[in-house]
Number of protein chains: 2
Amino acid sequence: MAESIYSNYPPDLSPAQQKFLVTFVKDWAIQNGLAVRPSPAIIPSGADSNGVLATNAPVTLFPSPFPRACFEEATALQEIYNELYAMITCNEEWLGKIVEGLIEVDDFVSNLWKVHLDVQKEGYVQNLSLGLFRSDYMAHVLPTGATALKQVEFNTISSSFGGLSALVRQMHTELLASPPGSSINYPPHPLLQSRVPPENPAVETLSAGLAAAHKAYGVSKSTPALPLCVLFVVQETERNVFDQHALSRQLKTIHNIPVFRVASVDILDQTSIPSSNPSRPLLYQPPHSPDSTFEVTTVYLRAYYSPDEYKSSRDWLARTHLERSAAIKCPTVLNQLSGCKKVQQVLAEPTGPDHLSSFLKGKDNTLVERVRDTFAPQYDLSINSQGRELALNPDTALNHVLKPQREGGGNNVYKADIPGFLRSIPESDWRGWVLMELINPAANAQNVALRNDGEVLRGDVISELGVYGTILWENTGKVLHNEQGGYLLRTKGKEVNEGGVAAGFSSLDSALLF
Amino acid sequence: MAESIYSNYPPDLSPAQQKFLVTFVKDWAIQNGLAVRPSPAIIPSGADSNGVLATNAPVTLFPSPFPRACFEEATALQEIYNELYAMITCNEEWLGKIVEGLIEVDDFVSNLWKVHLDVQKEGYVQNLSLGLFRSDYMAHVLPTGATALKQVEFNTISSSFGGLSALVRQMHTELLASPPGSSINYPPHPLLQSRVPPENPAVETLSAGLAAAHKAYGVSKSTPALPLCVLFVVQETERNVFDQHALSRQLKTIHNIPVFRVASVDILDQTSIPSSNPSRPLLYQPPHSPDSTFEVTTVYLRAYYSPDEYKSSRDWLARTHLERSAAIKCPTVLNQLSGCKKVQQVLAEPTGPDHLSSFLKGKDNTLVERVRDTFAPQYDLSINSQGRELALNPDTALNHVLKPQREGGGNNVYKADIPGFLRSIPESDWRGWVLMELINPAANAQNVALRNDGEVLRGDVISELGVYGTILWENTGKVLHNEQGGYLLRTKGKEVNEGGVAAGFSSLDSALLF
Ligand SMILES: [Mg+2]
Ligand SMILES: [Mg+2]
């Protein structure tokens with residue numbers, strides 16, 4: 001089924017058809033904020049010193065076919081996945097054991113854990129946590145030709161592209177459904193007939209999560225009471241700003257909540273915790289209005305997810321400063337750590353204790369097994385383990401990917417590179433890595449991408465589905481808000497192993513369900 | 001009153017305040033399509049060969065104060081102004097006399113007139129005309145300190161910036177009214193307290209005009225009937241595309257009308273009039289869907305307004321081709337010619353026949369006089385005329401501007417330059433020019449502009465108010481649709497004499513009424 005649906009898709013484009021689609025997409029993207037700041041690669045150095053230029057986000061010209069059953073299963077499982085990672089985060093002892101196994105080999109995990117221990121020693125003053133998650137999957141083609149949903153990773157920090165992917169869905173829908181009465185934007189093709197991508201309420205869902213936390217924070221902990229706000233903590237050199245602005249616009253205009261943005265390097269200058277107040281409210285002083293002070297209900301991290309963001313001890317101080325405050329963190333350090341690949345691998349272990357069932361006790365057993373069915377086989381690399389054997393054997397390595405604990409791609413080692421890579425690092429570091437069986441995507445999927453420099457690429461592609469969910473919980477395990485909604489379809493050229501859309505390797509897409 | 005309101009406006013900005021506003025505006029502009037394609041001046045040649053980059057339209061950081069009485073008078077007079085120019089266009093004999101006086105000195109007017117004569121000879125097949133007008137004014141400060149509304153020009157073709165100026169109004173409103181409960185985006189200032197610019201329904205008004213024409217066209221004149229569409233005729237190298245897309249998006253999504261864009265150079269390739277059909281429907285074949293044919297109900301010209309757009313006889317052929325078709329033209333050649341500065345000057349003549357009253361006969365006399373009150377003193381340069389005397393005398397020249405028949409700025413001669421300029425051209429060409437007394441704007445108005453290269457300029461400014469109106473009429477004089485709605489406030493640095501926003505000389509603004 002899957003193979004045949006892809007065999008003649010997308011239809012060929014004449015030069016005039018391609019020109020029309022490219023012009024439409026380039027203009028639509030800027031008109032609607034489906035944009036990114038351009039990378040230095042496409043702006044000569046010295047030009048645009050004021051940083052005014054923008055370009056379209058990399059997008060596919062066509063929506064990609066995606067199996068309906070996989071899409072529906074992924075959305076059906078998002079709320080239980082939200083709860084699973086909330087419960088893992090609540091179990092500091094269990095998570096601590098996993099983290100302690102990584103401390104010697106992974107400085108980043110080790111430093112994050114230290115932040116947690118420092119704050120724990122002083123005592124946390126906020127018992128609520130907010131998760132804005134994205135669970136990433138592929139449609140795995142079985143030898144029978146049927147497809148099964150397999151999880152690639154679960155993102156617990158800075159889950160991005162909700163804002164832009166909702167726009168791509170809107171753009172593809174307009175292309176499919178216009179002009180009214182005679183849609184001729186695409187060449188005729190059965191898949192493009194009277195079919196549009198499913199609605200994508202990613203912005204609504206993610207913003208509603210932030211709004212729920214803002215409300216749950218309650219009244220100001222300051223005397224006299226201060227006005228409350230949500231704080232987006234961002235990277236100083238972020239180029240994916242319009243994705244973030246889609247959420248802040250929704251928070252401001254629909255939820256009526258003040259939102260400010262602070263670069264992570266400015267956290268210690270622009271926020272403070274009054275030492276005289278044992279509730280430790282996080283106060284924000286906007287540099288453009290130095291007489292105003294806001295109390296931060298919710299810190300939304302679109303930064304601090306990657307080791308290279310922590311350049312000095314000052315950055316770790318800033319992270320600790322946020323963690324010890326009364327603001328609700330999205331995410332906490334513990335919740336960030338729950339996204340380690342090692343957690344995924346331990347959950348997937350076919351033998352030993354059934355951690356998954358423990359975390360989801362009380363849930364319908366069928367539902368728990370449906371979660372388990374999304375796990376791809378994955379292994380640690382301990383001595384005499386099956387994982388070590390599969391990784392070092394050049395034949396079996398070809399069917400695997402080696403992942404560090406980091407989220408977000410860019411650090412994985414693939415296939416034939418695995419044995420050599422492992423031999424190039426100390427054996428003592430191997431436990432920092434997880435070996436995962438490669439997921440087998442449809443062999444003949446194709447699409448046409450418009451890069452953010454305007455180049456058009458046609459070729460074999462792999463699509464990855466991310467489903468968004470938000471959850472707000474108490475550290476006792478009580479859940480206050482749990483929602484699923486919105487998706488990201490990210491489509492990359494098959495020769496490209498990594499999936500960083502912002503870097504231009506892959507494209508934002510939307511799904512035509514079949 | 002006017003002088004004092006401007007004296008301490010806008011408030012000073014600290015570096016942090018300016019940085020905040022500039023960052024807000026740069027990002028808001030791209031997120032919401034308040035954008036232009038960058039000029040070659042800010043993109044090094046060779047870079048961006050695919051034309052993907054965009055930048056913010058030039059905008060003011062603050063809305064500009066504008067006298068409420070002038071704003072309200074301008075909007076109150078728009079519908080009668082619409083009708084005045086419709087009636088002038090209907091009176092081919094009267095207009096022809098003015099045009100014939102220009103034919104020897106103005107090739108462009110002469111060639112436009114020829115298009116009309118050619119089509120008249122064959123016979124027009126469409127008796128409806130559509131106007132999307134913009135009447136441009138300044139608030140003229142009288143010696144008493146009071147202000148009076150004075151017209152700068154009346155635009156009958158390609159009246160632009162309706163799409164972008166509605167966005168500027170939205171942006172300034174967000175800056176003024178957020179964050180909810182404690183607006184701190186601007187430094188405190190009485191003018192910025194609980195006041196927002198008037199609503200700006202320019203997109204709704206202009207699109208409703210196009211939609212009214214589309215509907216009034218009626219059924220297809222082809223056998224078998226063809227699907228109907230609106231055609232935007234644009235310049236091949238247009239950079240102000242997002243202003244135009246704001247209208248086409250409204251037409252497509254709200255009015256459900258198919259809209260296509262054709263570069264003026266492609267008109268003869270992509271449209272045709274079947275010689276076998278005496279109704280002369282204009283047929284459009286989208287190059288991206290060569291098997292489809294649409295019948296054009298309405299041709300909306302965002303091209304063909306400037307002589308340099310007619311590079312060869314082929315361009316005149318294309319214009320004639322559109323004119324002789326059954327499509328409703330926005331505007332017709334005659335309606336374009338009614339925008340000649342000479343028409344404005346003849347209407348304003350204080351002696352001789354009262355053309356204004358004739359064109360507006362049946363209208364309330366007070367209303368007609370209010371229209372007349374918006375005319376600034378203006379003169380022809382005929383032998384022994386007052387105009388010639390005022391233009392050649394270096395002292396009186398200082399108080400005047402010399403205008404050719406062209407719309408849109410960029411061709412005017414100012415003040416001390418006038419006598420020398422006139423002496424540099426043959427005296428026989430003088431009748432191609434109109435001398436107009438300069439309008440006296442508030443002396444001490446200031447603002448801060450963000451250019452589209454990101455440079456920030458603070459200084460003395462002059463604001464010009466444009467009010468949009470649409471009218472659909474039969475050449476018998478019967479009016480089918482007449483509406484006013486939306487405005488452009490264009491603010492330029494005082495040292496700059498011309499007002500081309502697209503060229504970056506001036507900025508889009510919105511009005512704070514006082
Ligand atoms: Mg991922
Ligand atoms: Mg003008």
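Residues numbered from 1 in each chain as written. Chains lettered and ligands numbered in written order. Predicted model: local features only at pLDDT ≥ 70, side-chain atom pairs only at ≥ 80, totals over all residues. Heavy atoms only, no water.

## Considerations on the coordination of the magnesium ion (ligand 1)
So, step 1. The coordination sphere of the magnesium ion (ligand 1) contains the protein donors Asp136 of chain A (OD) and Glu153 of chain A (OE), at a distance range of 2.1 to 2.3 Å. Of this pair, aspartate 136 of chain A sits in strand β5 (residues 128-141) while glutamate 153 of chain A sits in strand β6 (residues 147-155); the two residues are 17 residues apart in sequence, bridging distant segments of the chain. (Donors = N, O, S within 2.8 Å, 3.2 Å for Na, K, Ca; no water. Helix = DSSP H or I, 4+ residues; strand = E, 2+ residues; numbered from the N terminus.)

## A look at the packing of helix α5 (residues 107-122) of chain B against helix α10 (residues 313-324) of chain B
Residue and element names in this part refer to chain B.
So, step 1. Close contact between α5 and α10 brings their axes to 10 Å; oriented N to C, the two are set at 40°. Overall, the two elements α5 and α10 adopt an arrangement that is oblique. Regarding α5 and α10, the two cross each other, and that crossing is right-handed. Contact residues: α5 offers Phe108, Asn111, Leu112, Val115, Val119 and Glu122, while α10 offers Trp316, Arg319, Thr320, Glu323 and Arg324.
So, step 2. When grouped by side-chain class, the residues that make up the contact of α5 with α10 number five nonpolar, two polar and four charged. (Axes fitted to C-alpha atoms, helices over the stretch in contact; angles between N-to-C directions. Parallel < 35°, antiparallel > 145°, perpendicular 65-115°, else oblique. Left-handed = near helix turned anticlockwise from the far one by under 90°. Contact = heavy atoms within 4.5 Å. Nonpolar A, V, L, I, M, F, W, Y, C, P; charged D, E, K, R; others polar.)

## Focus on the nonpolar core
So, step 1. Counting 73 residues, the largest nonpolar core has Leu34, Leu61, Phe62, Leu164, Phe232 and Leu508 of chain B as the members making the most contacts within it.
So, step 2. When neighbours within four sequence positions are excluded, phenylalanine 232 of chain B is seen to be in contact with Leu210, Gln244, Leu247, Ser248, Leu251, Val259, Phe260, Arg261, Val262 and Tyr300 of chain B. (Core = buried A, V, L, I, M, F, W, Y, C linked by side-chain atoms within 4.5 Å. Buried < 20%, exposed > 50% of the residue type's maximum accessible area, 1.4 Å probe, protein only.)

## A look at the UniProt feature "domain: Glutathione synthase substrate-binding" (unreviewed entry) in chain A
So, step 1. Residues annotated by UniProt as "domain: Glutathione synthase substrate-binding" (unreviewed entry) correspond here to residues 229-338 of chain A.
So, step 2. Counting secondary structure, residues 229-338 of chain A comes out at 31% helix and 25% strand; the distance between its end C-alpha atoms is 27 Å. (UniProt positions renumbered as here; feature names shortened; annotations may be inferred.)

## Comments concerning the relation of the copies chain B and chain A
So, step 1. Mapping chain B onto chain A leaves a residual RMSD of 0.0 Å; the transformation is a rotation of 180° accompanied by 0.0 Å of translation along its axis. On this basis, the relationship between the two copies can be described by a two-fold rotation axis.
So, step 2. Comparing interface residues between copies, 100% of those in chain B also lie at the interface in chain A; the contact surface is shared. (Least-squares fit on C-alpha atoms with pLDDT ≥ 70 in both.)

## Notes on the domain arrangement of chain A
Residues and elements named next belong to chain A.
So, step 1. Here chain A is described as being made up of domain 1 (65-165 + 197-376 + 461-513) and domain 2 (382-436).
So, step 2. Computed from C-alpha coordinates alone, the two centres of domain 1 and domain 2 are separated by 26 Å.
So, step 3. Each partner contributes to the interface: domain 1 provides 23 residues, whereas domain 2 provides 17 residues.
So, step 4. For the pair domain 1 and domain 2, the summed buried surface comes to about 1700 Å²; carbon and sulfur atoms form 49% of the total.
So, step 5. Taken together, the links from domain 1 to domain 2 amount to one salt bridge.
So, step 6. Put simply, arginine 431 and glutamate 104 hold a salt bridge, and the shortest N to O gap is 3.4 Å. (Domains from an automatic or database assignment. Buried area = accessible area lost by both parts, 1.4 Å probe. Salt bridge = Lys/Arg side-chain N within 4 Å of Asp/Glu carboxyl O.)

## Some words on the sheet that holds strand β15 (residues 413-414) of chain B
Residues and elements named next belong to chain B.
So, step 1. A sheet is described by the order of its strands in space; here four strands give the open sequence β13-β16-β14-β15, paired in antiparallel fashion. Of all the strands in the sheet, just β13 (378-379) and β15 have a single pairing partner and so form its edges.
So, step 2. In the sheet, strand β14 (residues 400-403) pairs with strand β16 (residues 434-437) via four bridges, with the strands oriented antiparallel. Of the residues in β16, the one forming a bridge with valine 401 is methionine 436. (Pairing = 2+ DSSP bridges.)

## Details of the side chain of serine 159 of chain A
All names here are of chain A.
So, step 1. When you line up the elements, serine 159 lands in the loop between β6 and α6 (162-177).
So, step 2. Residue classification places serine 159 among the buried residues on the basis of a relative accessible area of 4%.
So, step 3. At 2.9 Å, the side chain of serine 159 forms a polar contact with the backbone oxygen of leucine 132.
So, step 4. Excluding its chain neighbours within four sequence positions, the residues that come into contact with serine 159 are Leu132, Phe133, Arg134, Tyr300, Arg302 and Tyr468. (Polar contact = N/O pair within 3.5 Å; in protein donor to acceptor, adjacent residues only side chain to side chain.)

## Topic: empty space enclosed by the protein
So, step 1. One pass over the structure, following the stated rule, counts four cavities of 30 Å³ or more.
So, step 2. Quantified by volume, the largest cavity comes out at close to 150 Å³.
So, step 3. As for the largest cavity, its lining consists of 17 residues, of which Tyr6, Pro65, Ala442, Ala445 and Ser463 of chain B are closest to the centre.
So, step 4. Elements supplying a minimum of two residues to the lining of the largest cavity: α1 (2-6), β4 (64-66), β5 (128-141) and β18 (456-474) of chain B.
So, step 5. Looking at the lining of the largest cavity, its residues break down into 13 nonpolar, four polar and no charged.
So, step 6. Roughly 130 Å³ of volume is contained in the second largest cavity.
So, step 7. Of all elements in the fold, only α1 (2-6), β4 (64-66), β5 and β18 (456-474) of chain A reach the threshold of two or more residues within the lining of the second largest cavity. (1 Å grid on protein atoms, 1.4 Å probe; cavity = no way out; pocket = protein on both sides within 12 Å on 5 of 7 lines; lining within 4 Å. Points joined across faces, edges and corners; volume = space filled by probe spheres on them.)

## Here's the deal with the packing of α6 of chain A against helix α8 (residues 241-253) of chain A
All names here are of chain A.
So, step 1. Viewed as axis vectors pointing N to C, α6 and α8 meet at an angle of 90°, and their least axial separation amounts to 6 Å. Taken as axis vectors, α6 and α8 run roughly perpendicular relative to one another. Every residue of α8 that contacts α6 at Gly162, Gly163 and Leu164 is listed here: Phe242, Asp243 and Ala246.
So, step 2. In terms of residue class, the contact of α6 with α8 is built from three nonpolar, two polar and one charged.

## Re the interface of chain B and chain A
So, step 1. At the junction of the two partners, chain B supplies 49 residues and chain A supplies 49 residues.
So, step 2. Across the chain B/chain A interface, buried area totals approximately 4000 Å², and carbon plus sulfur atoms make up 58% of it.
So, step 3. Summed over the three residues of chain B that lose the most area to chain A, namely Gln31, Ile184 and His288 of chain B, the buried surface amounts to 18% of that side.
So, step 4. Linking chain B with chain A are two salt bridges, by the criterion used here.
So, step 5. A salt bridge links arginine 37 of chain A to aspartate 27 of chain B, with the shortest nitrogen-to-oxygen separation between them at 2.8 Å.
So, step 6. Counting the contacts that link chain B with chain A gives 21 residue pairs in polar contact (both at pLDDT 80 or more).
So, step 7. Looking at the side of chain B that touches chain A, the elements that each hand over two or more residues are α2 (15-32), β2 (55-56) and α8 (241-253) of chain B.
So, step 8. No other element matches the nine residues that α2 of chain B contributes to the side of chain B that touches chain A.
So, step 9. Residues that form the side of chain B that touches chain A fall into these classes: 25 nonpolar, 17 polar and seven charged.

## A look at the confidence of the model for chain A
Residues and elements named next belong to chain A.
So, step 1. The predicted model of chain A averages 94 in pLDDT, with 97% of residues at 70 or higher.
So, step 2. A low-confidence stretch, residues 498-504 stays under pLDDT 50, and its non-local contacts, those more than four residues away or across chains, total 23 contacts.
So, step 3. The ipTM, which scores confidence in the relative placement of chains, is 0.95 for this predicted complex, and the corresponding pTM is 0.96. (pLDDT = per-residue confidence, 0-100.)

## Observations concerning α8 of chain B
Residues and elements named next belong to chain B.
So, step 1. Look at α8: 18 Å from first C-alpha to last across 13 residues, which is about the 18 Å you get at 1.5 Å a residue.
So, step 2. Of all 13 residues in α8, 10 are buried, a share of seventy percent or more.
So, step 3. Within α8 the residues assigned to the buried category are Val241, Phe242, Asp243, Gln244, His245, Ala246, Leu247, Ser248, Gln250 and Leu251. (Expected span 1.5 Å × (residues − 1).)

## Re the pairing of β18 of chain A
Residues and elements named next belong to chain A.
So, step 1. Of all 19 residues in β18, 15 are buried; the element is thus mostly enclosed.
So, step 2. One ladder, built from 10 bridges, connects β5 with β18; its direction is antiparallel. Looking at the pairing, glycine 131 lines up with isoleucine 471 of β18.
So, step 3. Pairing of strand β17 (residues 446-450) with β18, which is carried by five bridges, proceeds in the antiparallel orientation. Counterpart to glutamine 446 in the pairing with β18 is aspartate 460.
So, step 4. In textbook terms, the turn of a hairpin is the stretch between consecutive antiparallel strands, and for β17 and β18 this stretch comprises five residues, one of which, glycine 454, has a positive phi near 90°.
So, step 5. By the bridge criterion, 12 bridges tie β18 to strand β19 (residues 479-493) in an arrangement that is antiparallel. Following the sheet pairing, leucine 465 is matched in β19 by leucine 489.
So, step 6. Taken together, β18 and the strand that follows it, β19, pair antiparallel across an intervening segment of four residues, in which glycine 477 is found at a positive phi of about 105°.

## Considering the state of the cysteines
Residues and elements named next belong to chain B.
So, step 1. This model, assessed by the stated rule, comprises zero disulfides over all chains.
So, step 2. In this model cysteine 229 remains outside any disulfide bridge; the closest cysteine sulfur is found in cysteine 330, 15 Å from its own.
So, step 3. Lacking any disulfide linkage, cysteine 340 is separated from the closest cysteine sulfur, that of cysteine 90, by 17 Å.
So, step 4. The buried category is assigned to cysteine 340, whose relative accessible area is 5%. (Disulfide = S-S within 2.5 Å.)

## With respect to the pattern of salt bridges
So, step 1. Per the stated rule, a full pass over the model turns up 38 salt bridges over all chains.
So, step 2. Taking the shortest distance from any N to any O, the salt bridge between glutamate 83 of chain A and lysine 363 of chain A comes out at 3.0 Å. Of this pair, glutamate 83 of chain A sits in helix α3 (residues 68-90) while lysine 363 of chain A sits in the loop between α13 (355-359) and α14 (365-373), and the two are 280 residues apart along the sequence.
So, step 3. Note on glutamate 83 of chain A: relative accessible area 18%, which makes it buried.
So, step 4. Judged by its relative accessible area of 32%, lysine 363 of chain A falls in the partly exposed class.
So, step 5. Put simply, arginine 68 of chain B and glutamate 72 of chain B hold a salt bridge, and the shortest N to O gap is 3.7 Å. Here arginine 68 of chain B and its partner glutamate 72 of chain B are both found in helix α3 (residues 68-90), four residues apart, which amounts to about one turn of the helix.
So, step 6. According to the relative accessible area criterion, arginine 68 of chain B is partly exposed, its value standing at 40%.
So, step 7. Owing to a relative accessible area of 43%, glutamate 72 of chain B belongs among the partly exposed residues under this scheme.
So, step 8. Overlapping salt bridges bring together Glu122, Arg280 and Arg324 of chain A as one network.

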